[in-house]
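Secondary and tertiary structure notes
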Amino acid sequence: MASIYTSTPFSPEEIAALQKPDPQAAYAEMMKTCPVHRGPDGTITLMRMEDIVAVARRPDVLGTGAHGPTMGGARKLIPLDLDGPEHMKYRRLLDPLFSGKRAAALEPVVRELANELIDAFIDKKEADLSPAFCQALPSQIFLRQMGLPAKDLAMFVEFKNVILGHLPPMPLPERMAKIRAASARCYEYLGAALDERIARPTDDLLGQLLVAEVDGEKLTREQILDIGYLMVIAGLDTVVASLACAIARLARMPELRRRLTANPSLWGGAVDEFLRFESPAQRSFRTATQDLQIGGETIPAGTTFFIAWASANLDETAFENPLTFNPERKPNAHVAFGSGFHRCLGVQLARMELRVALEELHKRIPDYAFKPGHELAFIGMPRTVNGLPLQWR
Ligand code: HEM
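First, a word on scope: everything that follows refers to the structure included in this document. Values in this document were obtained by computation on a predicted structure and should not be read as measured data.

Closest axis-to-axis distance for the helix α6 (residues 129-146)/helix α14 (residues 347-364) pair is 11 Å, and the angle between their directions is 135°. Here α6 lies oblique to α14, going by the angle between them. As α6 packs across α14, the resulting crossing turns out to be right-handed. Along the contact surface, α6 presents F133, L137, P138 and I141, while α14 presents E353, A357 and L361. Per-class residue counts for the contact of α6 with α14 are six nonpolar, no polar and one charged.

Below, the structure is given as structure tokens:
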């Protein structure tokens, strides 16, 4: 296996099954038959909850940065690509900036923006909610948090799409060149925004990172940019994809939609169940620094392998009736936000944005359906839909 990016963890038949609108049974079956799954080129993917949670907490298993920077970054992304005490040092600094309290303070802004976006399409009785709502809402909230102008939205979406490889098919070197160029432009843009804040301090996230201290020392310019760059990638696409997956399911399950609309207090729990059931961030990868004994097999030291959050979320040893969507599931200890050292920094923010978006949308448009003729398909990493052309009365 040359690189984890060019590896083939699943066969073409398995990929076809996992890209279907309802891949849950296929995942569950693969987990049962091959808990330590091997792809056509030998790439290993851990499928079971127990194994994945254990590996994500082992200090001798490295995260995504084991082979250098990820996602086109010039340097390792902070904190995702770091491990050990260095990683923890940054989490101590960043965790308070993404607390539940901070997310709650942002809730009225999200609610207001959700309604502004709905105002723009509600009277048309139809719209593609993918760009108009799912993309627009988290992206605009992100720009506000970072203190960046809303007019730069299209540029940010472009950066993020190229960096995450949402590109038409092309040879790998060309693809990598495009990703590196977009990454350089994104760094340049964030650098200019940082310079403005050095000249005129602000209270937005970039401004807060400028004054934040870690072990008594301020962050360097490069460290702030490495954090900001990861926010663009981690914070934008995941919420966009999760919201789109949730609305697509609700469009296909009118009974569920009616139940939730009639009992709005269920939206909070439903958000976690959407995350468990759809697992938009399907998998991550890790590197063993020592031999690992898992499921009766040895994963040799030095191996880079995948951990499939999506299949762990369907593990019957962790969830009762895992193939049933149950918005009232309690407890719901899913790993859609990851697990262990690198568990998502944006959990509270993401949960709040998803809940408020779904609450406001369904208050105003409770009944909708896909436009006739739309063939729903699931694409990409994170997993999302090929559009949400919906209509309502
Ligand atoms: C529903 C939306 C989201 C999902 C499903 C999601 C999922 C994940 C997952 C699975 C990981 C673990 C990656 C790994 O272990 O390799 C992760 C890490 C991370 N996420 Fe999220 N995420 C979401 C939203 C956000 C948001 C809004 C932010 C913005 C702050 C964010 C920032 C991060 C960061 C910084 C990390 C790295 C944490 C670390 O390495 O310590 N995420 N996310």
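On to unusual backbone geometry, then. P79 follows I78 through a cis peptide bond whose omega is 5°. Along the chain, P79 turns up in the loop between β3 (61-62) and α4 (84-94). In this chain, M381 is followed by P382 through a cis amide linkage whose omega measures 0°. Assignment of secondary structure puts P382 in the loop between β12 (378-379) and β13 (384-385). In the Ramachandran plot, K125 falls in the positive-phi region, its phi being about 65° despite a non-glycine side chain. The exposure class assigned to K125 is exposed, which follows from the 12 C-beta atoms found within 10 Å. Of note, D215 is a non-glycine position whose phi angle comes to about 50°, a positive value.

Strands sit in the order β1-β2-β10-β7-β3 across an open sheet of five strands; the sheet is mixed. The open sheet terminates on both sides in strands that have one partner only, identified here as β1 (36-38) and β3. Across three bridges, the pairing between β1 and strand β2 (residues 44-46) is antiparallel. Directly across from R38, in β2, lies its bridge partner I44.

Cut-offs used in this document
- Residues numbered from 1 in each chain as written.
- Predicted model: local features only at pLDDT ≥ 70, side-chain atom pairs only at ≥ 80, totals over all residues.
- Axes fitted to C-alpha atoms, helices over the stretch in contact; angles between N-to-C directions.
- Helix = DSSP H or I, 4+ residues; strand = E, 2+ residues; numbered from the N terminus.
- Parallel < 35°, antiparallel > 145°, perpendicular 65-115°, else oblique.
- Left-handed = near helix turned anticlockwise from the far one by under 90°.
- Contact = placed C-beta atoms within 7 Å.
- Nonpolar A, V, L, I, M, F, W, Y, C, P; charged D, E, K, R; others polar.
- Buried ≥ 20, exposed ≤ 12 C-beta atoms within 10 Å, placed from the backbone.
- Pairing = 2+ DSSP bridges.

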